[in-house]
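Architecture and fold: a report
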Amino acid sequence: MSYGSGSPHGGADGEKNRTGLSNRYSPYQNKGNYNPPAVSGSYAQQQTQVMEDTVRTHYETESTSAAVLSQMRTQRGQLEGAHENVWEMRQAAKKAKNDITAMVKKARQKKLRLQIIAAVLAAVDFFLFIRLVSCGGSFFCRKSSSSSNYGY
C-alpha cells in the first residue's frame, strides 16, 4: 500500500473489521481497554447500542476522572504539607543561624576579655619583676638613708 492509493491499511481488497470500519484504525482501538461496540440488528437498534456504549464510556470516563481528581487532591495536600515543612525548616535554620552568630559574638567578647585580663596580669607581673630586680631580689625595697628607724 502506498500513500494516497485509496486502499485501506488492512489489505488491498478493502477489508473491513467486525464493526464495518476500516482496519486502519484497529491498532488504536485495540490498545488499552477499548472494545468497540458489537452492533447488530436494525439501524435504530444499532444506533441505540452505539448510544448506550457512548453513555457507558462517558460514565467510565467520569469515574476515572473522579479518581484522578481525588488523587490530585491528596497529592495537593501532601505538597502543601511538604511546603509547610520546608517553610518551618527554613525558619528553624534562620533561627539557628542567628543563634550561632550570637554565640560566636559572645565567644569573641569572652576571648577579648580574657586577652585583656592576660595583658593586665602580664603588665603587673612585669612591674613586679622590675621591682624585684631594682630591690635586689626582695619585694620590699629598703631605703638606704641614715635616718632609717630600722637600723639595718
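None of the values given here were measured: they were computed from a predicted structure.

1. Side note on the overall build of the protein
- From N to C terminus, the protein includes two helices and zero strands.
- When contacts within the protein are restricted to residue pairs at least 6 apart in sequence, those whose partners lie at least 24 apart make up 0%.

2. Re helix H2 (residues 43-134)
- Helix length check: H2, at 92 residues, gives a terminal C-alpha distance of 133 Å against a target of 136 Å (1.5 Å per residue), a fit within 8%.
- Just beyond H2, the residue with positive phi is Gly-136, at close to 75 degrees.

3. Description of a nonpolar patch on the surface
- Taken together, the side chains of Leu-112, Ile-116, Val-120, Val-124, Phe-127, Leu-128, Phe-139 and Phe-140 make up a nonpolar region of the molecular surface, amounting to roughly 810 Å² of accessible area.
- Mapped onto the elements, Phe-140 comes out in the segment after H2.

4. Examining the confidence of the model for the protein
- Taken residue by residue, the protein gives an average pLDDT of 79. The fraction at 70 or more is 68%.
- When the criterion is pLDDT under 50, residues 10-16 qualifies, and its contacts beyond four places in sequence or with other chains add up to nine contacts.
- Segment residues 25-30 is flagged for pLDDT under 50; beyond a separation of four residues in sequence, or across chains, it makes four contacts in the model.

5. Here we look at the pattern of salt bridges
- Taken as a whole and judged by the stated rule, the model has three salt bridges.
- Put simply, Arg-56 and Asp-53 hold a salt bridge, and the shortest N to O gap is 3.0 Å. Linking Arg-56 with Asp-53, this pair stays in helix H2, spanning three residues, or about one helical turn.
- Of the charged contacts in the structure, one is a salt bridge between Glu-80 and Arg-76, with a shortest N-O distance of 3.1 Å. Of this pair, Glu-80 and Arg-76 both sit in helix H2, four residues apart, which is roughly one turn of the helix.
- Judged by relative accessible area, Glu-80 falls into the partly exposed class, the value being 40%.
- Assessed through its relative accessible area of 56%, Arg-76 is described here as exposed.

Calculation criteria
- Residues numbered from 1 in each chain as written.
- Predicted model: local features only at pLDDT ≥ 70, side-chain atom pairs only at ≥ 80, totals over all residues.
- Heavy atoms only, no water.
- Helix = DSSP H or I, 4+ residues; strand = E, 2+ residues; numbered from the N terminus.
- Contact = heavy atoms within 4.5 Å.
- Expected span 1.5 Å × (residues − 1).
- Patch = residues over 30% accessible without salt bridge, like charges linked within 9 Å, V, L, I, M, F, W, Y side chains within 5 Å.
- Areas by Shrake-Rupley, 256 points an atom, 1.4 Å probe, with all protein chains shown as cover.
- Salt bridge = Lys/Arg side-chain N within 4 Å of Asp/Glu carboxyl O.
- pLDDT = per-residue confidence, 0-100.
- Buried < 20%, exposed > 50% of the residue type's maximum accessible area, 1.4 Å probe, protein only.

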